[in-house]
Every structure is written in structure tokens, then in C-alpha cells.
Amino acid sequence: MMRLADKLRTQQELERLQAKYIGTGHPDTTSWEWKTNINRDTYSSIVGHPPLLSYIALASNEPVTKVRAEMIRKMIQPAGPPPAREEDTIMGGHQS
Amino acid sequence: MATTSNMFLYSLTIQPPTTISQALLGQFSGTKEQQIITASGSRLTLLQPDPRQGKVNTILSQDVFGIIRAIASFRLAGSHKDYIILATDSGRIAIIEYLPKTNRFNRIHLETFGKSGVRRVVPGQYLAADPKGRACLIASLEKNKLVYVLNRNAQAELTISSPLEAHKPGVLVLSLVALDVGYANPVFAALELDYTEADQDPTGQAGQEPEAQLVYYELDLGLNHVVRKWSDAVDPTSSLLFQVPGGSDGPSGVLVCGEENVTYRHSNQEAFRVPIPRRRGPTEDPQRKRTIVSGVMHKLKGSAGAFFFLLQTEDGDLFKVTLDMVEDDNGNPTGEVKRLKIKYFDTIPIATSLCILKSGFLFVASEFGNHSLYQFEKLGDDDEELEFSSEEFPTDSRAAYNPVYFQPRPLENLTLVESIDSMNPQIDCKVANLTGEDAPQIYSVCGNGARSSFRMLKHGLEVSEIVASELPGTPAAVWTTKLTKYDEYDAYIVLSFTNATLVLSIGETVEEVSDSGFLTTVPTLAVQQLGEEGLIQVHPKGIRHIVQGRVNEWPAPQHRSIVAAATNENQVVIALSSGEIVYFEMDADGSLAEYDEKKEMSGTVTSLSLGRVPEGLRRSSFLAVGCDDCTVRILSLDPESTLEMKSIQALTAAPASLSIMSMEDSFGGTTLYLHIGLHSGVYLRTVLDEVTGELTDTRQKFLGPKPTKLFQVSVQGRPCVLALNSRPWLGYTDPITKGFVMTPLSYVDLEYGWNFSSEQCLEGMVGIHANFLRIFTIEKLGDNMIQKSIPLTYTPKRLVKHPEQPYFYTIEADNNTLPPELRAQLLAQSNTNGDAAILPPEEFGYPKARNRWASCINIVDPVSDEPSVLNRVDLDNNEAAVSAAVVSFASQDGESFLIVGTGKDMILSPRQFSEGYIHVYRFHDDGRDLEFIHKTKIEEPPMALIPFQGRLLAGIGKTLRIYDLGLKQLLRKAQAEIAPQLIVSLQTQGNRIVVGDVQQGITYAVYKPESNKLLAWADDTINRWTTCTAMVDYESVAGGDKFGNVWILRAPERASQESDEPGSEIQLVHAKSYLHGAPNRTALMAHFYTQDLPTSITKTNLVVGGQDVLLWSGIQGTVGVLIPFVSREDVDFFQSLESHMRAEDPPLAGRDHLIYRGYYVPVKGVIDGDLCERFVLLANDKKQMIAGELDRSVREIERKISDIRTRSAF
């Protein structure tokens, strides 16, 4: 019984962490989720480090402010759209 | 672990970053004076604009050892002082104040809210403070927002609440401002993007068209919680918000800036939208839309609604944006917005922050290049510029409208007052000694676009010369003197020649004086204004005392002459050729009284010094005597013990000059020092105990090969020591750090120097250089690097030097820029109407064109009288230079050629190109000109080129290739795939090649001449996004990476030996690859996080007789050095000092220093000198405590800190 309670607690703890720290993985993390998360982390890190942002701005000959906004916009969908879920494809098939 | 490393380096910043990521205006001292606080990299700097002189002075600069991400200021109601909030990577919010009395920043509050580091969901990216100083909001890029309530308690101290959360998952913030709502509940406005929908939509449509929301967060002060009060969709391209004045000043709300539009939004108002005018001009693309990149709101004093915005586009054009309000029957504004108007104002460099000062100045913190201070001539109120109003444009962002245009023109409303040197961005850097001085100079390329520059950086103080007049002969010495004690300025200049003395009067014109009473037929040894109105002339045969025209002569004893003299306002001491010392003191009646007893010295006296009479006393109580037996003695001048010896110090050479003077010290008081200049050129500074006369704590510096002469001068009211050697030096107390520094003057070498003060020149110096009399001043202490700048054409990429001649070659390229040939073509086409004047690109930038490159090679001559660009070679065909090297080809009898690698049709991200080329240029006219020989087409742009054994080694993508020079093109000699991704840097020694990969760090390769093979034999354990490398020795390589680390790697010894054994290629070819890499791994020797992104690193020597150091340059303009430790003892000392400093002087923003320096990889083998140097600034009790722990005296610690810097760097 103790074991089960422990397991439950671990599970709850994990869920809490996942809610608090975006990107905390779980056993069913898909490749798309992982990629999206890593890319978002990367872009936010570039935005947060001024020298890195200058480096990119300088190479592309754009103002830093513009590059920053561009990086944040890229965070919306950095690794393409999510893979279609099975029920979605069935639905989609019906519609088309 | 750091303790086990056997290589230790001391990291020092010799030039702090000059970028400004944010600048804020405020009254930080609590007085009416406006000051500017700037965040540059990890430094917080307080600037004081001086409206009278039109200058900006630095008051205080402090490294917070953390990345400053945002700063905000606020003022509590009823207070006059602005506080500063710092949002850094510490996971904490810090509130600090400036203490003008002690000139320090003081932390008032430090509240922890999250993990440290720059993370997606840890607040710190955005910061906004309520204009009434009641709350602040700190937000992360995604999801988290925290509101802190600021208040004051009964003791009128600032209090901060626990944070209130306003989190929303799946939301990205683009911009955040506080709304001006008067005294209603504080509201913050955020421009947000929601990605939750995009994450759910497999069709990708939601991700394609994200909707931007303007969201209001209200802090309910009564209920103490934050609510999402209002949100509305805005133009999806929006990226920036500006606060609109509210309360009694205006309608409140925000300006939302997006692609080609500025929209006024507020929860209870209509939207008003104006387009951003496009530039008109023959070379401008009429379809290109502009966005706002920065701006400022300014409230004018007087009526409500009197405010305006200056918004800047990416071209640098400033637009004045104003709001009209509906007026009631009495003509007063009602707070309801009627229209929004926009018009062209002026064009200035692109700014990160703009600050409008009350005194009518505009401080522009440039994104790249020099910062500047402008003065407002007018506010663009009544000019002929077209104004566009929101009434003519739809509010819907999707609705069609006609774009509007304006004609850019030179400055009309602003005038440039001062340009503040900034090396940001610094792209490449070389150290060389081209001017033939004893210390080398730093040459670097900085800036971007048409504002890029080549800069020469030299250690020294700027000197401004006032007069240089030729004299009839070559004098040996010069003095200036007042006539009476009460004179404000000097009246005479006295020159001593080998057998004569010349007295000149200082006035409107400089004339010879005949009735001075001075003996002009002998040389002079000393001149002094004595007592109330006496003058003293010491010459070899006696002392002349002139009082009101009467002359008293004290003759030297027979067969003896005076060899040295020292004087002050009350005392005279002379040394006779027999070694006797005669002491005189002024009587109450103003006559000189000889002290009966003479002191005999063991050797010949070479120099004497008395020091000035301390204020309120009758005499200086010490006399320093230097003798040719290499000693200096301190004699007492107290009446009870006159000429008694107090102490003696042995020296390494005979003293040539002595000077007793008291100077400011780091303890906050003054200390009496004895400065000693030796015949060997060494300068010593010793503390002279004011009671016992003991000499302690000697510091030394080698100034040059000649005997060092010392003079007491005064600069900015501080006593300084002028030391003359092969060049002049000034020793002074740094105004900010209070440390003693010895800095060369950027001036001719002087034979003799003295203080000079006249009506025209209050605080100057007079010096002798050959047969010239020179009068000069030093205006700025503290800034000890002199910059000279030469403008370049485009953004520089690399810098290479001619192998023999003092010329540099820069390769430059600008992306998305119209190349000159197309520019000329467009201009020719449009010239039918013939009115379009070409605007200077330095201010207006080059016309843009997508995916076009403008690129060139410039030949720079930095050392001629007029440093300039000698010649320019433009690249055509949409090619852009990416790498360069000077290679001497063995097949051409060692003739050197300039090799430039280019790429055609390059697109940066994701990396694309059509072809790469290697151009070969021949040097002509000793390198002053280039002749194009041929170019060789290759598969990729070569990112790295170096000379290698009389041939060219090129890194082309993953391939390393050796080329020889052919008649028609370069000839491939050997090649191998060495790097995993893209070779960006190459270094070589012998047959060894060190390859730096863009992502995967360092690979060691070897060239086997017998079999003509290139083979990799060792590589890196972790990914390093290498930007630059330099070989430290045959086994080790130092480098920097894109994340701001500097590191040193070493190849395993055995593998290193094996790789060089003849015939080892068979083993290397068949060696088993280890974990999908080369057979061996490099070991990490040192690792250090610098915050700035290193762009170049070199092993060099910076001072005369100094050891080799590693000098690195950072993109933000930082220049740093890593000094190797020689002894283990020093390492232990500095290691424990560093750990004490971490505990006793924790970083201002609350970042843990050790974790900060080990940002990505734990810091290894490097001691942070910048932290150690803060020891001098600690309070005395803390210094004592640390000194006690380290079992040393405070002075000893300070000496060690200053020694390690002066021995190897500036």
C-alpha cells in the first residue's frame, strides 16, 4: 500500500513540476514536443543574452529590436505544426 | 575541480564593455540634477550629463557579476530620489540606490523569486515600474509575471511586498510597459502572443497567423491581487509598446508599434492608427515597410496633453508622434483622443535607448557604434514637414491604405554635441607595435554598416597642448613661480641653461624679465617662492634670497659647490659637493636661518626632497636624501632632532630623483608617499610613515631606459606625480577606484617638467622637449585608453596585417544592402529630374535590398600623420568577403599575397549560398595598393584561411584543404574532411593544425608531408560553438565561444608525440575511433565565463618587459586579458582572496559569483581579477578582516593586486 501511495505522490510531484517548469518531460514525450521545447528554450536564451542577439543582428544587418521580436515570434511554432492525432486524421478525412 | 588544475590564469578586464543595452534618466542622487544610468553587459554605470560643456561624464561604474537584462527606476510619492530596480539573471529582484556621498551603489532589497540563469519562464526579461512608484512588474519571456508592491514604512524606508502572481501558460511577451493611470490602481500593459492554439492545430494554420493581444494587468491595491483586466487583439506584427501619459497629463493608454503602423490603444478609447512614412529616394525600395525599433516619450511642462513621442525606425529616422485630444467648450482637453499625428523629425543612429534631458539634450545610447549627445534646436513644431493624421487611415490593420512617403534630410531639429567613443561591436582585434613606442597598441575593427571604424587603442592619457615655443638654446630645467604667497597664478617661468638662467614673465605675452633679481649668468638648481613675498634661487655657488628687490646671498663654502637642492614654502635644503647637507629654515622675520650643524653623508648626494609644508604646520618634518651608494635616507627636520636619521632604504640603483608628497589613498584619507626615480629607469613608490619616518610597502614599475625624473604636479586639484623617462608618465589616484595608477602620457618625451598655472590655463604643466618649451594640460583622469578612429565602409569581418609594412587590410560586408554598382545604376536612372542629393551613408545608412551584399576590402594606414583608408577594392557579383589571410607562397619565392575568401548569394539562416571563391591579390607599392590576380571557384565560402608552410590552408565547410598558387587559379594539394560541421578557425604550428568547428569545438590534426595527408588525431569532449582560437603552446589552444566562454584545451601528451613521429600516419589512419570521434580527447585546462562574446583571442605582450598574456576582445567592446600565474604561492593567495571577496562583497544583483563565472561549464583554472580588484573599494573593517584571515597586511594585499595588473597589463 505504501508503495502505491509513494507512486501516487511521485506522480503528483511530477505533474506539479510539469506545470511549474514548462518542458519537464514525461514518459510519453513525443519527438515534436521535445523539439518544440528545445527550440523555444534556444530562442528565449538568445533573446536573454544581449551579446548573442547582437551577434545575430550584426550578421543579418538588422536592428537588435527587430531580431529580438523575430526570435520571439519564432517561438510560437519553432518545429512546425504538431503531428496530427489519430482521431483528428479520421475527422479530417471525413471532412475532405 | 579547480584546485587540481596545474594551470592558473588571472582574468582582468582592461576595457569594460562599451555597449549600452538600456539607459534610464532619473534623479538618482536625490538632487534636481538629472543623471543617466546605463546597463552595459554586466556593468551598471552612472553618467552625469554636463549641459554647460555638452559632455557626459562617468561618475561610477560597477560590475554586478550577472547579466543585466532590464533596469527600471521609480520614485516614491513625495520623494526626490529615484531608486533603481535591476532585473538580472540571478532569479532575484534587486532594488538599489545611489549614494552620492560615498559614490557607491547600495542595495536596499533583494527578493528571490526563481532559479538563476536566463530561462524561458523565470522572470527577468521584462521589467516595468508604475510611474507613481507604487508597484513593479517583472516578467519572463513566457508565462510568468510577478508584481511587487512598493511602499514605505513608518520610518520612511522603502518596503517591498511578497510577489503577486499573474501567470498564464502558453503566452509569450513581446513588450511590457506600465500604464500611466495617475493614482488609480496600477495597470501594466503587455503585448502577448498565445501559442496554445498553435500547439493544438496540426494543420499549422494557427501557428502561421498568430494573433497578438494587448493585455492589461491591474493590481488592485485594496484587495492586493492582480487581475487580467482587459485584452484586445492588435495588429499581429506589433512588437513594441510605449506608455502614453495619463491622469491629468493625457488620455493614458499605449502606442502599439507594428510593421508600418503606430496605433493608439486604450481600454476605453477608440483605436487610432497612423502609418510610418517610407523614405523617398531613387535608391529606396518603395515597397519596403518600416518598423519602430526604439523611442521615447517626453512630457513638456505646462498644460495637459503637452507631450510627444520620438519614435525611431530601423533606418534611424526619428518621427515625432503627437496626440490631439477632444476639447470641451472652454478649450480644455477632455481626455478623449481625437487623432494621432506623425511627422518626420530627424535622422540619427539607431538607438537602444533615448533620453530627453530637461536641459534640452538628447542622449542616444546607440545600438552599435558611438553613443551621442544631441542638443535640441527646436521641436519640429513649425516646419514644412508633412504631417500625417490618423483621420486619413483605417484602424483595421488588414484594411488597404496608401503608403505615405517623406524625404530624409540632414539634421534640422538636433545638433550633435558630443560623440562618446564606443567599440561596440568589436569584431576583430590585433596587437602590434607599429608606432615604435615601447608598448604595443591594440588595433581593432568595430561598428556596423557605414558607421564602422578601424580603431587604434593605446594605453595613455590624452594631453592637450597649449603652447609649444622655440627657445634660443636647450634648457636643462624649468620652473614656474609666483611672486608672493597670495598670488593666484604663476608670474615667472625660469629656465636654466648650462651656463645661464633666463627669467620669463607670464602674461598676455611671454617676455624676458631683467629686473627679477635672479642671477642670470649661472645655471639654476632650484627656484622657490619663500615666505610671504620672497623668492629663492639656488645656483651652484650659493643661494639668492630676493625680498622686495633686496638680495641676500648665501655663498657656498670655498671649494665646494651646491649639487642638489630641495625647497618648500618655509624650508631650503642643499647638498654640497663634499657630501654635506645644509639646512635652512625661514625665520619669523622672513629671513633664512642656517641650521648650525651640517650632516655629512657617506656618498655624493644625487637628490633631495622636502615635500610641501602640511597645512597648519610650520615645516615638513622629513627630508629624503638620495646618495650614489644606492640608498635613500630619511632625515628628521623636527627642531628636537634636526637632521637625525630616521630610516634608510637600499635601492637597486642610484636614485635620480625624489619626491615626498601626500596623495589620496584607498582608505579614504591621504598617505604620505616617497616617490623615487632611479637611474635605471625604475620608479618606486614607498609609504613614508608620518610619525616614525619608516619606509614601508614599496611598489615599483619600470618606466623606460633613462633615469626617471619626478615632479609634483596637480591635475583636477589632485596631487599627481609626473615621471619623465623615454616618455612622460603620470602617477595619480584613480578618481573612481581610488587605486594608484601610473599611466603614460600621449605626448613627446620631456626633459624636465613643472606645474603651471595662469589665467588662461588654470591647471597645466610646463615641460622641456629639446629646445622647445611646451605648456600642456591633462583634462581627464581615469580614462587611460586613447582611441583613434578611422571610418570604414561596411561592417568589418576580419582584420589582417601586412607581414612587414604597417598597413592593415579589412574585409567588410553588409547583408541586405544595395551594392555600389546597383546604387549608381539607380541613381543614373533617376537623375532625369536631377534633384536627388545623395545623403551621406554615415548618418542615413546604405539603401537596403533583400539578399544583396555589398562588400569590399579596405587598406588602412593607421600610423601616418593622418591615419586613413588608402585604397578600397569593391567586390561585385553579389559576393561577400568572409575570410582573409596574408600568405607567402614558397612557390613564388616567398612573395606574400592577400587571400580573401568570399561567398556568393549567401543567406545566413538557414545557411545557404550558391558558390564560394578564393581571391588572390598581389601587394603593390609596399602594400599600399592591391592587384587582383585571379579567383578560384570552390564549393563553399571558406570561413577560415591561414598560411601553412609556404602554402594556403583553407577550411571549406567540413574540409581542410591545402592550396598552392598557380598561374590561373589556386591548385589543390591535399585535403581531408576534418571537422564535423563547419570550420571557422584555423591555427598552426609546425605540422600541427588546430581546427575550430562552428559547433563541435576543437579538432587537432596533423599534416604528414611524406604521404601528403591531413589527419585528425584528437578532438573535444563537449560542443563548443567556437568563434576564435589561438595556440598558447604546441599542445594547448585557447579559444572563445558564442556563449561567452573563454577556455584552454590541451592535447594528451602521448598522442601529441605520436602524431608527430615520422611514419605514424598508418597508425593514425587505422586508429580506432573513440566514441564516434577522433582516437584521442583533449583535456580542459581552464574555463571562464566572460559574459561578452569573444570575437578574437591572441597571445601577446602588453607592457615593456611583461610576460605574455592572452588578450581577448568581445563583441560588446570588452578587451580582457588572462595573465598566467607564475608561482603556486600567488595562486593560493589569490584563490583565497577571491573566495573571501565572494563572501564579503557579494555581487550587487544577487548573482552567485562562482555560479556566474561557471555559467555553462564550472569555472576552472581562472581567478577573477575584476572581483579581486574590488578589494580596494571595501570598507576598512572588511579589508582588515580579510587581511587578518589571509595573514597579511591590507597594504600588502593591495600591492599584490596592483602588481599583478601593472606587471602584465595596463
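About the cut-offs
- Residues numbered from 1 in each chain as written.
- Chains lettered and ligands numbered in written order.
- Predicted model: local features only at pLDDT ≥ 70, side-chain atom pairs only at ≥ 80, totals over all residues.
- Heavy atoms only, no water.
- UniProt positions renumbered as here; feature names shortened; annotations may be inferred.
- Helix = DSSP H or I, 4+ residues; strand = E, 2+ residues; numbered from the N terminus.
- Rg over C-alpha atoms; globule rule 2.2 N^0.38 Å.
- Buried < 20%, exposed > 50% of the residue type's maximum accessible area, 1.4 Å probe, protein only.
- Contact = heavy atoms within 4.5 Å.
- Areas by Shrake-Rupley, 256 points an atom, 1.4 Å probe, with all protein chains shown as cover.
- Lys, Arg positive; Asp, Glu negative; His and termini not counted.
- Charge placed at Lys NZ, Arg CZ, Asp CG, Glu CD.
- Arc of directions from axis to C-beta.
- Pairing = 2+ DSSP bridges.
- Axes fitted to C-alpha atoms, helices over the stretch in contact; angles between N-to-C directions.
- Salt bridge = Lys/Arg side-chain N within 4 Å of Asp/Glu carboxyl O.

Where an unreviewed UniProt entry is consulted, chain B appears under the name Pre-mRNA-splicing factor rse1, with the organism given as Podospora pseudoanserina. Listed under Subcellular location (unreviewed entry) in UniProt, the entry text for chain B is "Nucleus".

Under an unreviewed UniProt entry, the name given to chain A is Splicing factor subunit, and the organism recorded is Podospora pseudopauciseta.

Colleague: Honestly, the overall build of chain B in this entry has me stumped. Any pointers?
Modeller: Within chain B, the regular secondary structure consists of 11 helices and 91 strands. Taken over C-alpha atoms, the radius of gyration comes to 34 Å for chain B, in line with the 33 Å a tight globule of 1210 residues would show. Taken over the C-alpha atoms alone, chain B extends approximately 110 × 95 × 70 Å along its principal axes. For chain B, the proportion of its 1210 residues judged to be buried stands at 60%. Considering only residue pairs separated by 6 or more positions, chain B has 55% of its internal contacts joining residues 24 or more positions apart. As displayed, chain B offers around 46700 Å² of accessible surface, 47% of which is attributable to carbon and sulfur atoms. The positive charge centre, built from 113 side chains, and the negative charge centre, built from 151, are 5 Å apart in chain B.

Colleague: Even after reading the chapter, I still don't get helix α3 (residues 820–830) of chain B, so can you show me in this structure?
Modeller: All names here are of chain B. Along α3, the residues that are buried comprise Arg-823, Leu-827 and Ser-830. One face of α3 carries all of its buried residues, which in axial projection span an arc of 65 degrees. Exposed and facing more than 90 degrees away from the buried side of α3 are Ala-828 and Gln-829.

Colleague: Looking at this structure, how should I read the sheet that holds strand β52 (residues 622–627) of chain B?
Modeller: To summarise the sheet geometry, strands pair through backbone hydrogen bonds and adopt either a parallel or an antiparallel arrangement. All names here are of chain B. Here 4 strands make up an open sheet; going across it, the order is β51-β52-β53-β54 and the pairing antiparallel. Only two strands of the sheet have a single partner each, and these edge strands are β51 (605–609) and β54 (645–650). Across the sheet, the mean angle from the axis of one strand to that of its neighbour is 20 degrees, orientation sign disregarded. Pairing geometry for β52 and strand β53 (residues 631–636), over 6 bridges, is antiparallel. Bridging from a neighbouring strand, Leu-623 pairs with Leu-635 of β53.

Colleague: Mind showing me how you'd approach helix α3 (residues 50–60) of chain A here?
Modeller: In an α-helix there are 3.6 residues to a turn, and that puts residues three or four apart on one side. The element α3(A) is largely enclosed, with a buried count of 8 among its 11 residues. All buried positions along α3(A) are accounted for by Pro50(A), Pro51(A), Leu52(A), Leu53(A), Ser54(A), Ala57(A), Leu58(A) and Ser60(A). Elements that come into contact with the buried residues of α3(A) comprise α2 (31–48) and α4 (64–74) of chain A together with β34 (426–432), β67 (796–801) and β68 (808–817) of chain B. One or two residues past the end of α3(A) sits Asn61(A), with phi positive at roughly 55 degrees.

Colleague: Would you take a moment to explain the environment of Thr31(B) for this structure?
Modeller: All names here are of chain B. Along the chain, Thr-31 turns up in the loop between β2 (22–26) and β3 (35–40). Accessibility expressed as a relative area gives 39% for Thr-31, which makes it partly exposed. Note: C-alpha distance between Thr-31 and Pro-100 (69 residues apart in sequence) is 9.8 Å.

Colleague: I keep staring at the sheet that holds strand β74 (residues 929–938) of chain B and nothing clicks. Help me out?
Modeller: All names here are of chain B. An order of β71-β72-β73-β74 is seen for the 4 strands of this open sheet, with the pairing classed as antiparallel. Looking at which strands have only one partner, the edges of the open sheet turn out to be β71 (879–889) and β74. Taken over all neighbouring pairs, the strand axes of this sheet differ in orientation by 25 degrees on average, direction set aside. Pairing of strand β72 (residues 895–904) with strand β73 (residues 915–924) involves 8 bridges; the strand directions are antiparallel.

Colleague: What is the right way to look at the UniProt feature "domain: RSE1/DDB1/CPSF1 C-terminal" (unreviewed entry) in chain B in this model?
Modeller: Under the local residue numbering, the UniProt record ascribes the feature "domain: RSE1/DDB1/CPSF1 C-terminal" (unreviewed entry) to residues 854–1176 of chain B. Structurally, residues 854–1176 of chain B comprises 12% helix and 51% strand, and the distance from its first C-alpha atom to its last is 50 Å.

Colleague: Any chance you could explain the pattern of salt bridges here in plain terms?
Modeller: A side chain of one charge can pair with a side chain of the opposite charge when the charged atoms of the two come close. Residues and elements named next belong to chain B. Counting across every chain of the model gives 70 salt bridges over all chains. Residue Arg-265 pairs with Asp-232 through a salt bridge whose shortest N-O separation is 2.3 Å. In this pair, Arg-265 is assigned in strand β21 (residues 261–265) and Asp-232 in strand β18 (residues 225–234), connecting sequence segments 33 residues apart. Take Asp-232: its relative accessible area is 29%, and that puts it in the partly exposed class. Among the ionic pairs, Glu-284 bridges to Arg-290, the shortest N-O distance being 3.0 Å. As far as the burial class goes, Glu-284 and Arg-290 line up, both buried. One connected set of salt bridges, linked through shared partners, spans Arg-279, Glu-284, Arg-288, Arg-290, Asp-315 and Asp-317.

Colleague: I would appreciate a short explanation of the pairing of β72(B) in the present structure.
Modeller: Each regular strand shows side chains that alternate between the opposite faces of the sheet. All names here are of chain B. Across the 10 residues that make up β72, a large majority, 9, are buried. In terms of strand pairing, β71 meets β72 through 10 bridges, oriented antiparallel. The residue of β72 that forms the bridge with Ser-888 is Ser-896. Linkage of β71 to β72, two consecutive antiparallel strands, is achieved through a turn of 5 residues, within which Asp-893 is found at a positive phi near 55 degrees.

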